[in-house]
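Residue-level structure breakdown
Read off the chains here:
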Amino acid sequence: MQSFQNTGERFKVLRLIILLLLVSLVFGLIFFGYQGAFSRLMADDYCYAAKGRDLGLFQGFWNIYTTWSGRYSSILLILATEPLVEWLVKVMPTILLLVWLGSLILLVINIQNIFLEKLPHWFGWTLAALVLYLTILIAPNRFQILYWLNGSITYTLPLICL
């Protein structure tokens, strides 16, 4: 094994390793988004779509809110996107992943700027991608948080907004 002469070479090797990790994580996240292209409407998605189509936005909201579920913000969002539901179900996982990754990058970069000013931003990008990839990977039910439209709006979207 070759020993390194100075810290400049060590930094170059470390930077290369971190950038390779970033590229690997991005490919993993792209794969999760690609799998979302094969998502279909399931379970409650049909019920919400039928209520939205038959009763309209406000009557459908009131009916679902008073007889089925008390989650008013997710009901409104699901019913408001009902005309786009067939397209949205296929792109929602990718949209969620992009927005989630963007918010994590902003969070990590801000924390990095406060506490670790000398680290480059790509280190923060790698850390954010790692957190997101591991979160999706170890989720108890990846299908419910990412590929099921109603579940992703109800459970994952509020987490991203935090």
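What you see as residue numbers is a count from 1 along each chain, following the sequence as written. In keeping with the model being predicted, local features are shown solely for residues with a pLDDT of at least 70 and side-chain atom pairs are shown and tallied solely at 80 or more, while totals for entire chains, interfaces and linings include all residues. Neither water nor hydrogens contribute to the side-chain values; these are computed over all heavy atoms in the structure.

1. Structural notes on the overall build of the protein chain
What counts is decided by this rule: Here a helix means four or more residues in a row that DSSP labels H or I, a strand means two or more in a row labelled E, and each is numbered from the N terminus. Restricting the calculation to C-alpha atoms gives the radius of gyration, and the globule rule supplies 2.2 Å times the number of residues raised to the power 0.38. Think of it in three bands: residues with accessible area under 20% of the maximum for their type are buried, residues over 50% are exposed, and the middle band is partly exposed, with areas taken using a 1.4 Å probe on protein chains only. Accessible surface is estimated by sampling points in the Shrake-Rupley manner with a 1.4 Å probe; for residues, cover comes only from the protein chains shown. Here the positive residues are Lys and Arg and the negative ones are Asp and Glu; neither His nor the chain ends is included. Where a charge sits is defined by one atom per residue type, namely NZ (Lys), CZ (Arg), CG (Asp) or CD (Glu).
Helix and strand content of the protein chain: seven helices and zero strands. Along the protein chain, helices and strands appear, N-terminal first, in the series α-α-α-α-α-α-α. Its C-alpha radius of gyration of 21 Å places the protein chain more than 25% over the 15 Å reference for a compact globule of 162 residues. Overall size of the protein chain, expressed as C-alpha extent along the three principal axes, is 75 × 35 × 25 Å. Looking at the 162 residues of the protein chain, the share that counts as buried comes to 35%. Accessible surface, the protein chain: about 10,400 Å² in total, of which carbon and sulfur atoms supply 69%. Side chains of the protein chain carry 10 positive and 7 negative charges; the gap between the two charge centres is 11 Å.

2. Considerations on the packing of aromatic side chains
Heads up, the rule is: Put simply, two rings from Phe, Tyr or Trp (the six-membered ring, in Trp's case) pair if the centres are within 6.5 Å, and we call them stacked under 30 degrees between planes, edge-to-face over 60, tilted for the rest.
Within this structure, the stated rule accounts for two aromatic pairs. Where Tyr 34 meets Phe 38, the ring centres are 5.2 Å apart and the plane angle is 85 degrees; that geometry is what we call edge-to-face. Phe 38 gets classed as exposed once you look at its relative accessible area, which sits at 51%.

3. A look at the nonpolar core
Inclusion rule: By convention a nonpolar core is built from buried Ala, Val, Leu, Ile, Met, Phe, Trp, Tyr and Cys residues, the set being connected through side-chain atoms within 4.5 Å. Contacts were defined at the residue level, with two residues in contact if any of their heavy atoms lie within 4.5 Å.
In terms of nonpolar packing, the biggest core is built from 30 residues, with Leu 29, Phe 32, Leu 97, Leu 132, Ile 136, Leu 146 and Leu 149 touching the most fellow members. Counting residues per element, the ones that place at least two in this core are helix H1 (7-36), helix H2 (44-67), helix H3 (72-80), helix H4 (85-115), helix H5 (121-137), helix H6 (142-147) and helix H7 (149-161). Considering every element that reaches this core, the biggest residue donor is H4, with 10 residues. If sequence neighbours within four positions are ignored, Leu 132 has contacts with Leu 29, Leu 97, Trp 100, Leu 101 and Leu 104.

4. Looking at a nonpolar patch on the surface
The following threshold applies: Residues form patches when they are more than 30% accessible in relative terms and have no salt bridge. Like charges link within 9 Å. Nonpolar side chains (Val, Leu, Ile, Met, Phe, Trp, Tyr) link within 5 Å. Any Lys or Arg side-chain nitrogen found within 4 Å of a carboxyl oxygen on Asp or Glu counts as a salt bridge.
A surface patch of nonpolar side chains, amounting to about 600 Å² of accessible area, comprises Leu 107, Ile 111, Ile 114, Phe 115, Leu 116 and Leu 119. Counting through the fold element by element, Ile 111 comes out in helix H4.

5. With respect to the side chain of Thr 126
Structurally, the position occupied by Thr 126 is in helix H5. On the basis of relative accessible area, Thr 126 is assigned to the buried category, the value being 4%. Setting aside its immediate chain neighbours within four residues, Thr 126 contacts Ile 18, Leu 21, Leu 22 and Leu 25.

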